[in-house]
Structures are given as C-alpha cells and as structure tokens.
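Structure assessment
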Amino acid sequence: MAIIGTGTDNINTLRLWEAEAVNDFNFLEFNNCQYDAAVKDKNSAENISKVLYPNDNSHEGKVLRLKQQYFFSSASLQDILKRYKQRHGTEFKWFADETVIQLNDTHPTISIPELVRLLTKEGCDFDWALGMARAAFAYTNHTVMQEALEKWDINLMKSIIPEVYEIIVKINDRLVNELKSKGYDQPIGKVKKGETPKTKMDNMVIIDGQRVHMARMATYCSSYVNGVAAIHTQILKDDTLKEWYELYPERFQNKTNGVTQRRWLALCNPELSEFITDLIGKKWIRNLDDLKRLESKITDENVDKFNGIKYQKKKELSEFIQKHDGVWIDPDFMFDIQVKRLHEYKRQLMNAFSIMAIYFRLKEGKLPNFTPTAFIFGAKAAPGYARAKAIIKYINEIANLINNDPEVNNKMKVVFVSNYNVSYAEKIIPAADIHEQISTAGTEASGTSNMKFMINGAVTIGTWDGANIEIAEHAGIDNEYIFGARVEEINEIKDTYDPKKIYESNAELKRVIDTLVDGRFSDGGKTGEGSFKELHDSLLEGASWHQADHYFILRDLPEYIETKIRVNNDYKDRRAFARKCLMNTANSGQFSSDRTILQYATELWRVK
Ligand SMILES: *Cc1c(COP(=O)(O)O)cnc(C)c1O
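Definitions and cut-offs
- Residues numbered from 1 in each chain as written.
- Predicted model: local features only at pLDDT ≥ 70, side-chain atom pairs only at ≥ 80, totals over all residues.
- Heavy atoms only, no water.
- Helix = DSSP H or I, 4+ residues; strand = E, 2+ residues; numbered from the N terminus.
- Rg over C-alpha atoms; globule rule 2.2 N^0.38 Å.
- Buried < 20%, exposed > 50% of the residue type's maximum accessible area, 1.4 Å probe, protein only.
- Contact = heavy atoms within 4.5 Å.
- Areas by Shrake-Rupley, 256 points an atom, 1.4 Å probe, with all protein chains shown as cover.
- Patch = residues over 30% accessible without salt bridge, like charges linked within 9 Å, V, L, I, M, F, W, Y side chains within 5 Å.
- Salt bridge = Lys/Arg side-chain N within 4 Å of Asp/Glu carboxyl O.
- Phe/Tyr/Trp six-rings, centres within 6.5 Å; stacked < 30°, edge-to-face > 60°.
- Pairing = 2+ DSSP bridges.
- Right-handed = clockwise from strand over helix to strand, strands pointing away.
- Domains from an automatic or database assignment.
- Buried area = accessible area lost by both parts, 1.4 Å probe.
- Polar contact = N/O pair within 3.5 Å; in protein donor to acceptor, adjacent residues only side chain to side chain.

**A few points about the overall build of the chain**
Helix and strand content of the chain: 25 helices and 15 strands. Relative to the compact-globule value of 25 Å for 608 residues, the chain shows a C-alpha radius of gyration of 27 Å, a close match. The dimensions of the chain, computed from C-alpha atoms along their principal axes, are 75 × 65 × 65 Å. Residues classed as buried in the chain amount to 52% of the 608 residues present. Sequence-distant contacts in the chain: of pairs separated by 6 or more residues, those separated by 24 or more amount to 73%. When the accessible surface of the chain is totalled, it reaches about 27900 Å², and 50% of it is carbon and sulfur.

Written out as structure tokens, the structure reads:
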C-alpha cells in the first residue's frame, strides 16, 4: 500500500500480509471426509490474517494469536532479508547498519528469535546472529499493565513454533550466564528459613517457569527501549523494568507520542483549519509548532468566531448521532466526551458514577445553575472482557434512565455511541468542549486522543497521568482541569487502601455505587447476581486476582465530581472558556507525530 507524502519523491510502501493455504485445493476431487478436512485447513490458514486481536480467553484463541504474531513477524523479516540480499548477497555484516526493526509493543517480539533463526539458516554463527539482532532491534513499551505484557506458555510455543522456541532457550542461556557473571543470582533482602531466596535475576529471566516473558526478551535483545510519555518512561525506569535500567541505563529513552495534524485537524475540522490559516497562514500543516502564533490573536472577536465554529461542529455531530444512534442532543448543551477502548484502568465507570451523582443532585434541586451537558461515550470492549461489557451495559442503562426522565433531560443527556472507530472519532473530537482522560495515575502510558482533542480546542479534565502532564505543561495548567491522586500518592496508599471505609463514610458515593445493585437497572441477571453485582464486588470486595477497587475509583471520585461541577460553572463565561480552548490549540505543536517521528529517526534510527 502506497503511503503518499508530499511530492513524488516522498512515497513509502506499507507491506500488508495475507495468509493463504499452501495447497490450492481442487475441492471437487475430494470425498466428503477429505473435503471437510481441506476446508478446515483452508479456513485455519486464512483465519491467521482475518481477525485482529481475536478473543484469546480460550486455548484456540491463544493458538491463533501466537500464529498471527509469528506469521506477520516472519513475513516482514523474510521480506527485509530478501531485499538485503539483493544488495549484498549473503554477506550480512552490514545488516544492522542498514536496518532498524522497531518493535511496536511486545506483539512482534517473536521477530527476535525468528531473525536469529533465519540468519543461522543463511549460515551465520548463532552468537554472531544474536549480536546482529541485538544491534538491529529497538523496543517501544506501550503499557505497564502486567496482564498486557505478554507471557507465552512454553508448551504452546513448543507445539506451534518449535525451532523458534529452541532459539529462545539459547538466548535465555546467554542471559542467565551474563546475569550470573554480574552477581544477579545472589539473594536479595532477608533469606527466610525454608524458602528459596529471591534474586534480582528472578525478575529478568526470559523463560520464567512455564512462560516466555516477551517484554524481557525485547529489552535484553534491543539496542534501545523507549516509553511513550515522560512519566511513563520514568515508571519503566523506576518500576516496570527497573532491574534492566540498572543493567543498561544507556538504552532507555523517552519518545512522547504524537498525532498527525493532517488527519486530526486539517481533514477532520476544515472550519477550524480555515480559521487558523486565516489568522497565521498555513505553515502549521507541515510545522505544528507554528500554531504558537495563535496566542497573540486570542481577541474577543476571534474567540467569538471560535465559539461559532465549535457550535457548527457540535451541530453536525448531533445530527450524526441522531441518525446513527437515535438519540437527540441539543448542540447548545456543553459536550463532555470520553472516547477510548473500554478498560477498568481508564475508569469509564468513574465517569458513569459522577453522572449518577449529578443526576441525584439535579433531582434534589442542589444544582440550580447547572449548564445543560451532554455526556458522550464511545468505546469497544475486548471480546473476552466481561467486566468491560458490564460497564458498557451500565452506562447504557444510565442513558436510558436519564434521557427518559423529563425532570432532568432538559439539563443532561447521556449517549454511548455504537461502533466507535476512527471515522466516528473524526466527527466526535472536533465537537468536544471537554475531554476526559481520567485514568488512575501511573496506568495510562500516554494517551493520544488527549492530543487530538487538544489540537481541536477542547480542555481536558484529567488526572496527572500519561501525556496529560505534558499537555498541561504546554497549554498552562490553568487551561486544564487536573484532579485526583498522583502516582506518588497511589504508591503510598496502595498497601493500606480501604475503599469500603470511604464507601461507608460518604453517603453520596454509597448511593451512587449502590445503583449497581439496588434493582433500578437491569443487568440481565436477577438483581444482586448479575454482571453489575460483579462490578460492585470488584470495588468493595476485590476478586481472587486483585484487591478491592484496584484502580482507586473511590479515592478520586469525590474530587472528580467537584471538578466536573467547577468546569460546568466555568463554562458559563463562554469567552473565558473559549480562551482556554484556544490556548490548547495554540500550544499543541509539541504533540504532532512529525515531532515524534523525527525523534525516532534521529535519536534511535541514526537516520540523517
Ligand atoms: C486515538 C484513538 C484511540 C486511542 O485513544 P486513547 O484515548 O489515547 O486511548 C482509540 N480509538 C480510536 C478510534 C482513536 O481514534
């Protein structure tokens, strides 16, 4: 697929792979039994490139996922080697001078042993090939969630890619020798009687019991490791990969994420683009830092024009949501938007609770000056993630209650749009007054929709997490609404956190959280037994695999509600609010992916 830049000399090739069965079966020749087997073979081959991120709760799902990772990795490596050989034949000594393979998360990490395998097949010595791989690979970490750092069962690997597994064993042997020579096998802390002493090495071995730890392999076998926002890189150094940082401090770098202004401003918001270009010219399309010149143009006249454009985008979105999802939202409402994958750490549930708190306050006449607000959600849940689906269901139940309650529905509306994707994002983001990125501090590596919203002139209500921090630093902290515990506090309270105590001592929170189980909403199960009860338990009782409220919703919820009320109040001064919005746009230059990619090219890839 051609990736077209500007000018005819600026076209790159994106290679896409499709899996097919090796044999082009002539189905007519088979008897019934053979026919079924052949169809099964054909489907199983084609499935490899059919579904992205299949449900991997089941064994079959895991097998498919590993086959996918191996298939795409090997296809790309074989292509890279084929083109290298066209230049140099089988003399591979220049390979790492001419090639960088950037591992975008752990998903393609199987490429490391696969490259070693392919090079040794070409006649290279094992250790030489491993050295070449370590020079060619670099690893971008995208998450600190333990469950998202992939670990593959060794028996699964042995059964699907046995040759590759053998190479992983040899790589692990090299690592273990290296760590032992550095004393990493010595006991750390007090050795308790009768227990095997802990060593630093325990947190570093690639083959860890029955599992292959992909992030460790990526870190060991790369020349660089990077995080995707300043705080995230710091957490990698201090926590997630701390033993590795101690061993190889020079490998760690930060590359704060970015988004492209060609899609996320020029294409999706032509009205705001024209307004900007009228004021400062069109240089921003290639150099987003140029938006800084908007700052001196934030006059009352321009602020009013900006509000006119925002209204236009909100009207367009309202009409689209009406058509697509059957809910009418008045474009005169304030638009408060949270769109992103559904995950507990992103805390859509906390947003839902805050809406219920506002609902109760409105019903009781406690918010006489409330600016009418539309709370808009968009998200997909991973197919096997039951709790995420329960949260979607809960928000839809809230929407149903509020939108049909004539006592409040002229003051608030709630909508969960269906099939949220990039095309929907292009309509939603330009229409936001407020954007929500409210992850528990320390959990969201960066976030990128925060950047898309910033460019389009929305203020962020958010936690001190991911790229929110850098956004607030660039736009000015008074132009965002920051609340909640910071990482240091979360680390401090972690071991003694008692959400039940907060729940018992705060009647408003208790009432809101209990809407999960008080019988007003339907979760398909009998009241008190269904998926909402499971959510309620996850907050107050915990589960076998986590402590109660492991994303600290009850800690942050009171501050969050007050912050939302404060934003709602500030919005009444439409000019003052629009100034904040324009300060966001004017200072979003740092968050262009042009800046990010230039940093990768010069600081990691040695591109001149
Ligand atoms: C940008 C984008 C994301 C990423 O959102 P985050 O808030 O950064 O997690 C997810 N889905 C779509 C469709 C997007 O456009």
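**Quick notes on a nonpolar patch on the surface**
A cluster of nonpolar residues, Met1, Ile3, Leu14 and Leu16, forms a patch on the protein surface that exposes about 400 Å² of accessible area. Here Leu14 shows up in the loop between β2 (11–13) and α1 (32–47). Looking at Leu14, the relative accessible area reads 38%, which means it is partly exposed.

**Considering the packing of aromatic side chains**
The full count for this structure, using the stated rule, is 16 aromatic pairs. Centre to centre, the rings of Phe71 and Phe72 are 5.3 Å apart; their planes meet at 70 degrees, and the pair counts as edge-to-face. By relative accessible area, which is 33% here, Phe72 ends up partly exposed. Ring geometry for Tyr394 against Phe532: centres 5.6 Å apart, planes inclined by 75 degrees, an arrangement best described as edge-to-face.

**Thoughts on the pattern of salt bridges**
Across all of its chains, the model carries 43 salt bridges by this definition. Here Lys255 makes a salt bridge to Glu603, at a shortest N to O gap of 2.8 Å. Of the two residues, Lys255 is situated in the loop between β9 (252–254) and α11 (261–267) and Glu603 in helix α25 (residues 593–604); the sequence distance between them amounts to 348 residues. A salt bridge links Glu316 to Lys313; the shortest N-O distance between them is 2.9 Å.

**Considerations on the pairing of strand β12 (residues 412–417)**
Working note: regular strand, side chains alternate between the two faces of the sheet. The buried count for β12 comes to six of six residues, which makes it a mostly enclosed element. Of the two faces of β12, the one holding Met412, Val414 and Phe416 and the one holding Lys413, Val415 and Val417 are both buried throughout. With six bridges joining them, strand β11 (residues 373–378) and β12 adopt parallel strand pairing. Among the inter-strand pairings, Gly378 is bridged to a residue of β12, identified as Val417. After leaving β11, the chain enters helix α15 (residues 386–403) and then returns to the sheet as β12, a path that is right-handed.

**Section: the sheet that holds strand β6 (residues 207–208)**
Pairing is antiparallel in the open sheet, where three strands are placed in the order β5-β7-β6. The outermost strands of the open sheet, each flanked by one partner alone, are β5 (151–153) and β6. Bridge count for β6 against strand β7 (residues 211–213) is two bridges, and the pairing is antiparallel. Counted as the bridge partner of Ile207 is Val212 from β7.

**Looking at helix α9 (residues 230–240)**
Listed as buried for α9 are Ile231, His232, Thr233, Ile235, Leu236 and Thr240. Where the residues of α9 are buried, they touch β8 (224–227), α10 (242–247), β9, α18 (468–475) and α19 (487–493).

**A few points about the domain arrangement of the chain**
Assigned domains of the chain: these are domain 1 (51–151 + 221–255) and domain 2 (261–486 + 558–592). When domain 1 packs against domain 2, the two sides together hide about 910 Å² of surface, and 65% of this comes from carbon and sulfur. Its largest share of buried area at the contact with domain 2, domain 1 owes to Asn55, Met145 and Ile231, together 44% of the area lost on that side. Between the two partners, domain 1 and domain 2, sit zero salt bridges. Applying the counting criterion to the domain 1 and domain 2 interface returns two residue pairs in polar contact (both at pLDDT 80 or more).

**A closer look at the pairing of β11**
For β11, the tally of buried residues reaches six of six residues, placing the bulk of the element in the interior. Going residue by residue along β11, you find Thr373, Phe375 and Phe377 tucked away on one face and Ala374, Ile376 and Gly378 tucked away on the opposite face as well. In the classification by handedness, the crossover that spans strand β10 (residues 334–339), the intervening helix α14 (residues 348–363) and the parallel β11 is right-handed.

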